[in-house]
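Given next are the chains, with one letter for each unit.
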Amino acid sequence: MGGRLLKNIPVTALKGVGDSLAGTLKKLGITNVQDLLFHLPSKYLDRTRITPLGHLRLNTMAVVQGYVLTSQIKFGKRRSLECTIEDGSGTVRLRFFHFNNTQKARLEKGTLLRVFGEARMGATGIEFYHPEYEYIDPHKPPEVEETLTPVYGLTEGITQPRLRKIIMQGLELLQKHALEELLPPEINREFGVESLSHAIQFIHNPPPDTSVDYLLSGQHPCQKRLAFEELLAHFIVRQQLRQETQSHQAPEIQQSPEVIQQFLDSLPFTPTQAQQRVYGEILDDFRGGYPMLRMVQGDVGSGKTLVAALAALQAAASGYQVAIAAPTEILAEQHFKNFAAWLEPLNIRIGWLVGKLTAKKKRETYEAITRGEYQIIIGTHALFQDNVCFARLGLVIIDEQHRFGVNQRLSLQQKSLSREMPHQLVMTATPIPRTLAMTAYSELDYSIIDELPPGRTPINTLLVSQKRRPEIINRISAVCAEGRQVYWVCPLIEESETLSAANAEELAAMLKEALPNISQGLCHGRLRPAEKEAVMTAFKQGEVQLLVATTVIEVGVDVPNASLMIIENPERLGLAQLHQLRGRVGRGSAESHCVLLYGDKLSNDGRERLKVLRQSTDGFVISEKDLELRGPGELLGTRQTGNMEYRIADAQRDSAMLPLVHKVGKDLLTDNSISAEHLTNRWFGDARVYARV
Ligand code: ADP
Ligand code: MG
């Protein structure tokens, strides 16, 4: 079988891989040996050295070794087994919440342990929670591992050691059989890598002399070479998506200056220069002959809704329907009311579709959409339902697009009875640094609203300790006495909606007691949609003066009369998210304040991080910082949408490669579409991430 391509060798050809294991591997997207080898380690564990206890760094994985000093059951908030070990340089504690008596008995004083786990800050200093550990014979301590241990993404039915063994077999085959080199040869030279096969071999099995720090920080040439190929595959698939979209007939949206003028005349303000410029770019796209693919970025409060309304009006006036998707019901309703107030006087018929409508109302709405009665339809995810079918969809607008997946966006395009491919406008208030946009959204053209409407007084941001809570509460009375309104926000607690709701409820009860004369509302994810809506409406109408809420209000909500926001435990949130939240105030002309009410565990780093918000109100500066500190996953909200999971690339770290990625990508698409196809197959397999149905 010499010279066979690895992608033609099924995993079942490997020892120990039967049908059942093959089924498990398939869940990981692995069917052949090439897939197996491109299942890259998500990280490495360093078991190559024993760290002295006195030299441990917090929040890193480490191997330590020490003698048991004490081991006892502690009855704190939760019963735990606490075992202290020492090695002459220091002591640390191991803590187990699940344990049995045998385990406790074996951890007796004087026993030598080798421990592997993450060093974390616990109640009593550095602790390891539920580490792996083994008993060591002091006379015959086992060797440490020679190489870094790769860690792979798993699925149910397979363990790390088992997958590692199978991958090792794959690496043996790689000695005899080839992986296709799909990139031009100068790329390997550029990275100083002998071949793709070499890079793959290295990644799964880094040799003992590799610099650990180098590898752990993703700087090794082999890692760079593979990251390049991955970024290239993403770029190509998005370019293909773009080309495919543009091969369709576009709706012909005519200019109707009179109706636009009529609309502008009815507004109490004039659009900013930036709003006009971006609207102009959209008009150019409408005339371009291809379906538009445009992302509009604008900092929170920059007035994206108006730009969307202008585009929607233009499309509706040309006889097309417009679908506007928003990520929450609160936001969908706000848009609905805005659009109705703005455009119904111009005889535009506007409908809305959200999950909470009765079945009957929904059915009527579907029918009206299909008959083409509604010209603009605003909704939540409910718009993506199969029952929704437009008579003549000309424009799709997605607000707060990072809350949606690419596939959801694409599914909306399919929902028209007419043959044309609707224009697409996606809007985001999470300012995405240009480099990241070049990778994450390379299929989209890019417009920026880089100017805030005039007359806004900058928000004053304060860092205040929770110890000073009483002062802040007094501040609320003063603000409400001036007729202004206040948000008090509790962050999500460890992703648990239930806990954060409880937290918000507790806080609300405390505030009620402290401020009996202030009318207060409570809004969190646990409320029924109707309840949420009632509270939000009351807040918008000024009946509620103080709104206690979880981060459900993070996106879009617009209540210009609110001038004070207090954010509880801001240290738990990302900077970009805090900036979004803060953007709920400072929307009117009153001077606004945002109080970051930090807890007593705030570290120096944490304080430095929050200071960024005090120093800047520019969303782009803030998200650059966030990107640096927390990586792109958080910023793009990929955990919510599952969009952009890279195996090895890192949009920030590898951003210097992007110009070359784009150049090679464009060359491949024009000169060598077969290689381009093989490349995307290699990285995405059959499960073409951005496939349209
Ligand atoms: P975002 O970009 O965060 O979605 P919005 O579209 O909600 O911002 O606009 C924020 C506020 O600014 C709204 O109250 C809106 O009516 C107002 N606004 C929008 N454009 C202008 C403008 N050109 N001049 C004054 N106010 C404006
Ligand atoms: Mg908005």
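Before reading further, recall that the structure is shown in the block above.
Rules behind the numbers
Residues numbered from 1 in each chain as written. Chains lettered and ligands numbered in written order. Predicted model: local features only at pLDDT ≥ 70, side-chain atom pairs only at ≥ 80, totals over all residues. Heavy atoms only, no water. Helix = DSSP H or I, 4+ residues; strand = E, 2+ residues; numbered from the N terminus. Rg over C-alpha atoms; globule rule 2.2 N^0.38 Å. Buried < 20%, exposed > 50% of the residue type's maximum accessible area, 1.4 Å probe, protein only. Contact = heavy atoms within 4.5 Å. Areas by Shrake-Rupley, 256 points an atom, 1.4 Å probe, with all protein chains shown as cover. Lys, Arg positive; Asp, Glu negative; His and termini not counted. Charge placed at Lys NZ, Arg CZ, Asp CG, Glu CD. Phe/Tyr/Trp six-rings, centres within 6.5 Å; stacked < 30°, edge-to-face > 60°. Disulfide = S-S within 2.5 Å. Pairing = 2+ DSSP bridges. Axes fitted to C-alpha atoms, helices over the stretch in contact; angles between N-to-C directions. 1 Å grid on protein atoms, 1.4 Å probe; cavity = no way out; pocket = protein on both sides within 12 Å on 5 of 7 lines; lining within 4 Å. Points joined across faces, edges and corners; volume = space filled by probe spheres on them. Near = heavy atom within 4 Å. Polar contact = N/O pair within 3.5 Å; in protein donor to acceptor, adjacent residues only side chain to side chain. Parallel < 35°, antiparallel > 145°, perpendicular 65-115°, else oblique. Left-handed = near helix turned anticlockwise from the far one by under 90°. Nonpolar A, V, L, I, M, F, W, Y, C, P; charged D, E, K, R; others polar.

1. Describing the overall build of the protein chain
Here is step 1 of the chain: Across its full length, the protein chain carries 25 helices and 22 strands.
Here is step 2 of the chain: Taken over the C-alpha trace, the protein chain has a radius of gyration of 29 Å; the compact-globule value for 693 residues is 26 Å, and the two agree within 12%.
Here is step 3 of the chain: Here the C-alpha coordinates of the protein chain stretch approximately 90 × 70 × 45 Å along the principal axes.
Here is step 4 of the chain: Per-residue burial for the protein chain yields a buried fraction of 55% across its 693 residues.
Here is step 5 of the chain: Taking the contacts inside the protein chain whose residues are at least 6 apart along the sequence as the reference set, 75% of them involve residues at least 24 apart.
Here is step 6 of the chain: Here the protein chain displays about 30800 Å² of accessible surface, and carbon together with sulfur accounts for 49% of that area.
Here is step 7 of the chain: For the protein chain, the distance from the average position of its 78 positive side-chain charges to the average position of its 79 negative side-chain charges is 4 Å.

2. Structural notes on the packing of aromatic side chains
Here is step 1 of the chain: Tallied over the full model, the rule gives ten aromatic pairs.
Here is step 2 of the chain: Plain terms: the ring middles of Phe96 and Tyr133 are 5.6 Å apart, the flat faces sit at 65° to each other, and that makes the pair edge-to-face. Here the residue Phe96 occupies a position in strand β4 (residues 91–96), and Tyr133 occupies one in strand β8 (residues 132–135), the gap between them amounting to 37 residues.
Here is step 3 of the chain: Overall, Phe96 belongs to the buried group, its relative accessible area being 2%.
Here is step 4 of the chain: Aromatic pair Phe97 and Tyr129: ring centres 6.2 Å apart, planes at 10°, arrangement stacked. On the criterion of sequence distance, the pair formed by Phe97 in the loop between β4 and α3 (101–106) and Tyr129 in strand β7 (residues 125–129) is long-range, its members being 32 residues apart.

3. Remarks on the state of the cysteines
Here is step 1 of the chain: What the rule picks out here adds up to zero disulfides.
Here is step 2 of the chain: The thiol of Cys490 is unpaired, and the distance to the nearest cysteine sulfur, on Cys523, comes to 12 Å.
Here is step 3 of the chain: Residue classification places Cys490 among the buried residues on the basis of a relative accessible area of 1%.

4. Describing the sheet that holds strand β13 (residues 376–379)
Here is step 1 of the chain: Overall, parallel pairing links the seven strands, which are arranged β12-β13-β11-β14-β15-β10-β16 in an open sheet. Lying at the two open borders of the sheet, with one neighbouring strand each, are β12 (350–353) and β16 (445–449). On average, each strand axis in the sheet is tilted by 20° relative to the strand beside it, whichever way the strands run.
Here is step 2 of the chain: Pairing of strand β10 (residues 293–298) with strand β15 (residues 423–428), which is carried by five bridges, proceeds in the parallel orientation. Bridge pairing in β15 places Val296 opposite Met427.

5. Details of empty space enclosed by the protein
Here is step 1 of the chain: Evaluated as defined, the whole model comprises two cavities of 30 Å³ or more.
Here is step 2 of the chain: In this model, the second largest cavity occupies a volume close to 30 Å³.
Here is step 3 of the chain: The wall of the second largest cavity is formed by Thr305, Ala308, Ile324, His335, Phe339, Asp399 and Met427.
Here is step 4 of the chain: Of all the secondary-structure elements, those providing two or more residues to the lining of the second largest cavity are α11 (304–317) and α12 (329–343).

6. Some thoughts on the site of ligand 1
Here is step 1 of the chain: Contacts to ligand 1 come from 16 residues, most closely from Gly301, Lys304, Thr305, Arg456 and Asp558.
Here is step 2 of the chain: Note that a nitrogen atom of ligand 1 is positioned 3.5 Å from one of the backbone N or O atoms of Thr272.
Here is step 3 of the chain: In the model, an oxygen atom of ligand 1 is placed 2.6 Å from a nitrogen or oxygen of the Gly301 main chain.
Here is step 4 of the chain: Protein chains bury 86% of the 570 Å² of accessible surface belonging to ligand 1 in isolation.

7. Some words on the packing of helix α10 (residues 273–287) against α11
Here is step 1 of the chain: One way to put it is that α10 packs onto α11 with a least axis distance of 10 Å and a crossing angle of 30°. By the angle class used here, α10 and α11 are roughly parallel. Crossing handedness for the pair α10 and α11: right-handed. Here Gln275, Val278, Tyr279, Ile282, Leu283 and Phe286 of α10 lie close against α11, whose contacting residues are Leu306, Val307, Leu310, Ala311 and Gln314.
Here is step 2 of the chain: Its residues assigned to classes, the contact of α10 with α11 shows nine nonpolar, two polar and no charged.

8. Some words on unusual backbone geometry
Here is step 1 of the chain: The backbone of His130 sits at a positive phi, close to 45°, despite the residue not being glycine.
Here is step 2 of the chain: Along the polypeptide, His130 turns up in the loop between β7 and β8.
Here is step 3 of the chain: Even without being glycine, Asn347 reaches a positive phi, approximately 65°.
Here is step 4 of the chain: Relative to the elements of secondary structure, Asn347 occurs in the loop between α12 and β12.

9. Let's talk about the environment of Met427
Here is step 1 of the chain: Summarising the element assignment, Met427 is placed in strand β15.
Here is step 2 of the chain: Expressed as a C-alpha distance, the spacing of Met427 and Arg294, which sit 133 residues apart in the sequence, is 8.5 Å.
Here is step 3 of the chain: Ignoring any residue separated from it by four or fewer positions in sequence, one finds Met427 in contact with Val296, Lys304, Ala308, Ile397, Ile398, Asp399, Glu400 and Gln401.

10. Brief notes about the side chain of Asn188
Here is step 1 of the chain: Within the element layout of this structure, Asn188 appears in helix α5 (residues 185–191).
Here is step 2 of the chain: Side-chain polar atoms of Asn188 contact the side chain of Arg225, separated by 2.5 Å.
Here is step 3 of the chain: Apart from the residues lying within four places of it in its own chain, the contact partners of Asn188 are Glu181, Val193, Glu194, Ser195, Leu196 and Arg225.

11. Considering the sheet that holds strand β19 (residues 520–523)
Here is step 1 of the chain: If you trace the six strands from one edge of the open sheet to the other, you get β17-β22-β21-β18-β20-β19, paired in parallel fashion. Because the sheet does not close on itself, it has two edges, and the strands there are β17 (460–465) and β19. Neighbour to neighbour, the strand axes of the sheet diverge by 20° on average, direction disregarded.
Here is step 2 of the chain: Pairing analysis gives five bridges linking strand β18 (residues 485–490) to strand β20 (residues 546–550), with the strands arranged parallel. Across the sheet, residue Cys490 finds its bridge partner in β20, namely Thr550.
Here is step 3 of the chain: Along the sheet, helix α19 (residues 575–582) makes contact with β17, β18, β21 (562–568) and β22 (593–598), crossing β21 at roughly 150°.

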